[in-house]
Amino acid sequence: MPKPTHIAIIMDGNGRWAKARGLPRVAGHRAGVEALRQAVRNAGDFGIPFLTVYAFSSENWSRPASEVSDLMGLLRLFIRRDLAELHHNGVKVRAIGDRVGLEPDIRAMIEEAENLTAGNTAMTLVIAFNYGGRDEIARAAKKIASAAEKGLLSPDAVTPDAFGAFLDTGGIPDPDLVIRTSGEQRLSNFMLWQAAYSEFVFLPCYWPDFGREHLSEAIDTFMGRERRYGGVAARDAAS
Ligand code: FPP
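A brief report on the enclosed structure follows. Because the structure is a prediction, the values reported are computed rather than measured.

Consecutive side chains along a regular strand alternate between the two faces of the sheet. In terms of burial, strand β2 (residues 50-57) is largely enclosed, as seven of its eight residues are buried. Alignment of strand β1 (residues 6-10) against β2, held across five bridges, turns out to be parallel. When the bridges of β2 are listed, A8 appears paired with T52.

Spelled out as C-alpha coordinates, the structure:
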(Lines give C-alpha, C1' and ligand atoms only; values in the text may rest on other atoms or scores of the structure.)
Protein backbone atom coordinates (compact mmCIF):
# COMPACT_ATOMS: atom_id res chain seq x y z
CA MET A 1 0.00 0.00 0.00
CA PRO A 2 1.42 3.45 -0.88
CA LYS A 3 1.73 6.07 1.83
CA PRO A 4 -1.44 7.98 2.72
CA THR A 5 -2.45 11.06 0.73
CA HIS A 6 -4.57 12.40 3.57
CA ILE A 7 -4.02 11.87 7.29
CA ALA A 8 -6.63 13.13 9.75
CA ILE A 9 -5.83 13.36 13.46
CA ILE A 10 -8.02 13.44 16.55
CA MET A 11 -5.66 15.22 18.93
CA ASP A 12 -6.85 13.78 22.23
CA GLY A 13 -5.42 13.73 25.74
CA ASN A 14 -4.23 17.30 26.38
CA GLY A 15 -6.16 17.47 29.65
CA ARG A 16 -4.82 14.15 30.94
CA TRP A 17 -1.28 15.11 29.91
CA ALA A 18 -1.59 18.27 32.01
CA LYS A 19 -3.22 16.49 34.94
CA ALA A 20 -0.45 13.89 35.06
CA ARG A 21 1.97 16.79 35.55
CA GLY A 22 -0.12 18.68 38.07
CA LEU A 23 -0.64 21.48 35.53
CA PRO A 24 -3.82 23.32 34.52
CA ARG A 25 -5.65 21.98 31.44
CA VAL A 26 -4.66 25.03 29.41
CA ALA A 27 -1.01 23.98 29.76
CA GLY A 28 -1.97 20.72 28.04
CA HIS A 29 -3.62 22.61 25.19
CA ARG A 30 -0.58 24.85 24.83
CA ALA A 31 1.65 21.79 24.63
CA GLY A 32 -0.89 20.42 22.14
CA VAL A 33 -0.35 23.40 19.85
CA GLU A 34 3.39 22.73 19.89
CA ALA A 35 2.73 19.07 18.99
CA LEU A 36 0.49 20.30 16.16
CA ARG A 37 3.28 22.54 14.85
CA GLN A 38 5.65 19.58 14.81
CA ALA A 39 3.04 17.34 13.18
CA VAL A 40 2.61 19.79 10.28
CA ARG A 41 6.37 19.98 9.76
CA ASN A 42 6.77 16.21 9.99
CA ALA A 43 3.85 15.47 7.67
CA GLY A 44 5.48 17.88 5.18
CA ASP A 45 8.83 16.09 5.53
CA PHE A 46 7.15 12.74 4.98
CA GLY A 47 5.48 14.03 1.79
CA ILE A 48 1.89 13.83 3.05
CA PRO A 49 -0.21 16.17 0.84
CA PHE A 50 -3.21 16.63 3.22
CA LEU A 51 -3.27 16.83 7.03
CA THR A 52 -6.51 17.45 8.92
CA VAL A 53 -6.58 18.16 12.66
CA TYR A 54 -9.59 18.19 14.97
CA ALA A 55 -8.97 21.36 17.01
CA PHE A 56 -12.43 22.21 18.38
CA SER A 57 -15.60 20.18 18.07
CA SER A 58 -19.13 21.52 17.98
CA GLU A 59 -19.58 19.67 21.30
CA ASN A 60 -16.59 21.39 22.96
CA TRP A 61 -18.80 24.43 23.76
CA SER A 62 -20.08 22.43 26.73
CA ARG A 63 -16.68 22.73 28.44
CA PRO A 64 -16.22 25.39 31.15
CA ALA A 65 -16.29 28.90 29.64
CA SER A 66 -12.68 29.51 30.67
CA GLU A 67 -11.47 26.45 28.74
CA VAL A 68 -13.51 27.41 25.65
CA SER A 69 -11.97 30.85 25.81
CA ASP A 70 -8.46 29.33 26.20
CA LEU A 71 -8.99 27.22 23.07
CA MET A 72 -10.26 30.23 21.10
CA GLY A 73 -7.22 32.18 22.30
CA LEU A 74 -4.90 29.41 21.18
CA LEU A 75 -6.40 29.38 17.68
CA ARG A 76 -5.91 33.16 17.46
CA LEU A 77 -2.32 32.78 18.65
CA PHE A 78 -1.66 29.87 16.28
CA ILE A 79 -2.83 31.85 13.25
CA ARG A 80 -1.03 35.00 14.35
CA ARG A 81 2.27 33.26 15.13
CA ASP A 82 2.37 30.45 12.60
CA LEU A 83 0.62 31.75 9.50
CA ALA A 84 3.75 33.40 8.09
CA GLU A 85 5.81 30.21 8.50
CA LEU A 86 3.05 28.03 7.05
CA HIS A 87 2.78 30.36 4.06
CA HIS A 88 6.56 30.47 3.66
CA ASN A 89 6.58 26.66 3.56
CA GLY A 90 3.91 26.52 0.86
CA VAL A 91 1.16 25.23 3.14
CA LYS A 92 -2.41 25.91 2.07
CA VAL A 93 -4.68 26.41 5.10
CA ARG A 94 -8.36 25.44 5.01
CA ALA A 95 -10.89 25.38 7.82
CA ILE A 96 -13.88 23.07 8.10
CA GLY A 97 -16.72 23.48 10.56
CA ASP A 98 -19.51 25.96 11.17
CA ARG A 99 -18.12 29.50 10.96
CA VAL A 100 -21.42 31.19 11.72
CA GLY A 101 -21.10 30.29 15.42
CA LEU A 102 -17.62 31.80 15.76
CA GLU A 103 -16.66 35.25 16.99
CA PRO A 104 -16.23 37.68 14.08
CA ASP A 105 -12.51 38.24 14.66
CA ILE A 106 -11.85 34.50 14.54
CA ARG A 107 -13.86 34.16 11.32
CA ALA A 108 -11.87 37.01 9.83
CA MET A 109 -8.56 35.40 10.84
CA ILE A 110 -9.59 32.07 9.33
CA GLU A 111 -10.58 33.81 6.09
CA GLU A 112 -7.30 35.73 6.05
CA ALA A 113 -5.33 32.49 6.50
CA GLU A 114 -7.28 30.79 3.70
CA ASN A 115 -6.98 33.73 1.32
CA LEU A 116 -3.28 34.30 1.94
CA THR A 117 -2.40 30.64 1.36
CA ALA A 118 -4.96 29.76 -1.34
CA GLY A 119 -2.33 29.47 -4.07
CA ASN A 120 0.09 27.25 -2.08
CA THR A 121 0.70 23.73 -3.29
CA ALA A 122 3.28 22.03 -1.03
CA MET A 123 0.70 20.67 1.40
CA THR A 124 -2.82 21.39 2.70
CA LEU A 125 -3.50 21.81 6.43
CA VAL A 126 -7.20 21.44 7.20
CA ILE A 127 -8.21 22.77 10.62
CA ALA A 128 -11.50 21.37 11.92
CA PHE A 129 -12.79 24.14 14.17
CA ASN A 130 -16.33 24.29 15.56
CA TYR A 131 -16.65 21.09 13.56
CA GLY A 132 -19.08 18.20 13.97
CA GLY A 133 -19.64 15.52 11.35
CA ARG A 134 -23.42 15.41 11.77
CA ASP A 135 -23.62 19.18 11.73
CA GLU A 136 -21.55 19.28 8.53
CA ILE A 137 -23.81 16.69 6.86
CA ALA A 138 -26.95 18.54 7.98
CA ARG A 139 -25.58 21.86 6.64
CA ALA A 140 -24.76 20.17 3.31
CA ALA A 141 -28.31 18.74 3.15
CA LYS A 142 -29.68 22.22 3.83
CA LYS A 143 -27.66 23.70 0.94
CA ILE A 144 -28.83 20.89 -1.36
CA ALA A 145 -32.48 21.33 -0.33
CA SER A 146 -32.23 25.05 -0.92
CA ALA A 147 -30.65 24.55 -4.39
CA ALA A 148 -33.39 22.03 -5.24
CA GLU A 149 -36.09 24.41 -4.04
CA LYS A 150 -34.75 27.07 -6.39
CA GLY A 151 -34.75 24.57 -9.24
CA LEU A 152 -30.94 24.67 -9.51
CA LEU A 153 -30.49 21.00 -8.65
CA SER A 154 -32.59 17.99 -9.52
CA PRO A 155 -33.16 15.50 -6.66
CA ASP A 156 -31.97 12.76 -9.05
CA ALA A 157 -28.59 14.48 -9.26
CA VAL A 158 -27.96 13.99 -5.52
CA THR A 159 -25.44 11.14 -5.76
CA PRO A 160 -22.81 10.42 -3.09
CA ASP A 161 -20.21 12.31 -5.13
CA ALA A 162 -22.52 15.28 -5.63
CA PHE A 163 -23.40 15.26 -1.92
CA GLY A 164 -19.72 15.15 -0.95
CA ALA A 165 -19.06 18.32 -2.93
CA PHE A 166 -21.47 20.21 -0.64
CA LEU A 167 -19.59 19.19 2.50
CA ASP A 168 -17.03 21.57 4.05
CA THR A 169 -14.36 19.23 2.68
CA GLY A 170 -15.52 19.68 -0.95
CA GLY A 171 -12.48 19.20 -3.20
CA ILE A 172 -10.39 17.54 -0.45
CA PRO A 173 -9.86 13.77 -0.83
CA ASP A 174 -11.22 11.50 1.92
CA PRO A 175 -8.73 10.69 4.69
CA ASP A 176 -6.88 7.44 4.07
CA LEU A 177 -5.70 7.27 7.66
CA VAL A 178 -7.34 8.54 10.86
CA ILE A 179 -5.10 8.68 13.92
CA ARG A 180 -6.45 9.16 17.45
CA THR A 181 -4.16 9.61 20.43
CA SER A 182 -4.75 9.00 24.15
CA GLY A 183 -6.05 5.44 23.91
CA GLU A 184 -9.70 6.31 23.20
CA GLN A 185 -11.10 4.31 20.30
CA ARG A 186 -13.99 6.24 18.83
CA LEU A 187 -14.72 8.76 16.08
CA SER A 188 -16.45 11.40 18.25
CA ASN A 189 -18.39 12.97 15.35
CA PHE A 190 -15.23 13.50 13.27
CA MET A 191 -15.46 13.22 9.45
CA LEU A 192 -18.37 10.77 9.61
CA TRP A 193 -18.95 10.85 5.87
CA GLN A 194 -15.33 11.11 4.79
CA ALA A 195 -13.98 8.31 7.02
CA ALA A 196 -16.22 5.63 5.45
CA TYR A 197 -13.18 3.67 4.20
CA SER A 198 -10.40 5.15 6.30
CA GLU A 199 -7.93 3.01 8.17
CA PHE A 200 -7.71 3.76 11.89
CA VAL A 201 -4.64 3.85 14.08
CA PHE A 202 -5.18 4.37 17.81
CA LEU A 203 -2.14 5.35 19.85
CA PRO A 204 -1.87 5.26 23.64
CA CYS A 205 0.22 8.45 23.94
CA TYR A 206 -1.39 11.77 24.86
CA TRP A 207 -1.45 14.34 22.05
CA PRO A 208 1.29 16.63 23.49
CA ASP A 209 3.68 13.64 23.41
CA PHE A 210 2.92 12.83 19.76
CA GLY A 211 6.16 13.23 17.83
CA ARG A 212 7.89 12.36 14.60
CA GLU A 213 8.29 8.69 15.52
CA HIS A 214 4.57 8.29 16.26
CA LEU A 215 3.64 9.77 12.90
CA SER A 216 6.20 7.65 11.11
CA GLU A 217 4.98 4.49 12.88
CA ALA A 218 1.34 5.26 12.08
CA ILE A 219 2.24 5.71 8.41
CA ASP A 220 4.14 2.39 8.45
CA THR A 221 1.16 0.64 10.08
CA PHE A 222 -1.10 2.09 7.39
CA MET A 223 1.22 0.92 4.62
CA GLY A 224 1.07 -2.61 6.02
CA ARG A 225 -2.73 -2.70 5.88
CA GLU A 226 -4.88 -3.97 3.05
CA ARG A 227 -7.85 -1.88 1.92
CA ARG A 228 -10.63 -3.58 0.03
CA TYR A 229 -13.39 -0.94 -0.10
CA GLY A 230 -16.01 -3.69 0.17
CA GLY A 231 -14.42 -5.72 -2.63
CA VAL A 232 -11.94 -8.60 -2.42
CA ALA A 233 -8.16 -8.42 -2.14
CA ALA A 234 -6.43 -8.02 -5.51
CA ARG A 235 -4.53 -11.28 -5.03
CA ASP A 236 -7.80 -13.20 -4.34
CA ALA A 237 -9.80 -11.65 -7.16
CA ALA A 238 -8.81 -14.28 -9.76
CA SER A 239 -9.21 -17.37 -7.53
C1 FPP B 1 -8.47 16.98 23.36
O2 FPP B 1 -7.85 16.97 24.61
C3 FPP B 1 -8.11 18.12 22.59
C4 FPP B 1 -8.95 19.17 22.30
C5 FPP B 1 -10.31 19.32 22.80
C6 FPP B 1 -8.55 20.22 21.45
C7 FPP B 1 -7.31 20.01 20.65
C8 FPP B 1 -6.62 21.27 20.70
C9 FPP B 1 -5.31 21.48 20.57
C10 FPP B 1 -4.31 20.48 20.19
C11 FPP B 1 -4.79 22.82 20.84
C12 FPP B 1 -5.56 23.86 20.14
C13 FPP B 1 -5.11 24.00 18.75
C14 FPP B 1 -5.60 24.97 18.01
C15 FPP B 1 -5.09 25.20 16.63
C16 FPP B 1 -6.68 25.81 18.55
P17 FPP B 1 -8.79 16.92 25.87
O18 FPP B 1 -8.84 18.27 26.45
O19 FPP B 1 -10.11 16.33 25.51
O20 FPP B 1 -7.98 15.95 26.77
P21 FPP B 1 -8.57 14.97 27.88
O22 FPP B 1 -9.49 14.01 27.17
O23 FPP B 1 -7.35 14.32 28.41
O24 FPP B 1 -9.26 15.84 28.88
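Taken in spatial order, the six strands make up an open sheet running β3-β4-β2-β1-β5-β6, and their pairing is parallel. Edge positions in the open sheet fall to β3 (91-96) and β6 (199-202), since each of these has one partner strand only. Shown here is a sheet whose adjacent strand axes are inclined to one another by a mean of 20 degrees, direction ignored. Of the strand pairs in this sheet, strand β5 (residues 177-180) and β6 are connected by four bridges, and their pairing is parallel. Residue pairing in the sheet places I179 in a bridge with V201 of β6.

Under the definition given, this model contains nine aromatic pairs. Pairing Y197 with Y229 gives two aromatic rings, centres 5.5 Å apart and planes at 50 degrees, and the pair type is tilted. Here Y229 lies in the segment after α7 (212-223) and Y197 lies in the loop between β5 and β6, a separation of 32 residues in the sequence. Three or more aromatic residues joined by ring pairs form one cluster here, namely Y54, Y131 and F190.

Take the pattern of salt bridges next. For the structure shown, the criterion picks out 18 salt bridges. The salt bridge partner of D82 is R37, with a shortest N-O separation of 2.6 Å. With D82 in helix α3 (residues 65-88) and R37 in helix α2 (residues 25-45), this pair connects stretches of sequence that are 45 residues apart. In this structure R37 comes out as buried when scored by relative accessible area, which is 17%. Where E114 meets R99, a salt bridge forms, and the shortest distance between an N and an O atom there is 2.7 Å. Placement of the pair is E114 in helix α4 (residues 104-117) and R99 in the loop between β3 and α4, with a sequence separation of 15 residues. A relative accessible area of 15% means that E114 is categorised as buried.

In terms of burial, β1 is a largely internal element, five of the five residues being buried. Of the two faces of β1, both are covered, the one formed by H6, A8 and I10 as well as the one formed by I7 and I9. Looking at chain direction, β1 and β5 are connected through four bridges and run parallel. Residue pairing for β5: A8 is matched across the bridge by V178.

With that settled, the discussion passes to the site of the ligand. Close contacts around the ligand come from 18 residues, with M11, G15, R16, R25 and R63 the closest. In this structure, an oxygen atom belonging to the ligand sits 3.0 Å away from a main-chain N or O atom of G15. R16 places a polar main-chain atom, nitrogen or oxygen, 2.7 Å from an oxygen atom of the ligand. Relative to its unbound accessible surface of 610 Å², the ligand loses 92% to contact with the protein. Looking at the shell around the ligand, the elements with two or more residues in it are α1 (14-20), α2 and α3. Tallying contributions element by element places α2 first for the shell around the ligand, with five residues.

Quick notes on the rules
- Residues numbered from 1 in each chain as written.
- Predicted model: local features only at pLDDT ≥ 70, side-chain atom pairs only at ≥ 80, totals over all residues.
- Heavy atoms only, no water.
- Buried < 20%, exposed > 50% of the residue type's maximum accessible area, 1.4 Å probe, protein only.
- Helix = DSSP H or I, 4+ residues; strand = E, 2+ residues; numbered from the N terminus.
- Pairing = 2+ DSSP bridges.
- Axes fitted to C-alpha atoms, helices over the stretch in contact; angles between N-to-C directions.
- Phe/Tyr/Trp six-rings, centres within 6.5 Å; stacked < 30°, edge-to-face > 60°.
- Salt bridge = Lys/Arg side-chain N within 4 Å of Asp/Glu carboxyl O.
- Near = heavy atom within 4 Å.
- Polar contact = N/O pair within 3.5 Å; in protein donor to acceptor, adjacent residues only side chain to side chain.
- Areas by Shrake-Rupley, 256 points an atom, 1.4 Å probe, with all protein chains shown as cover.

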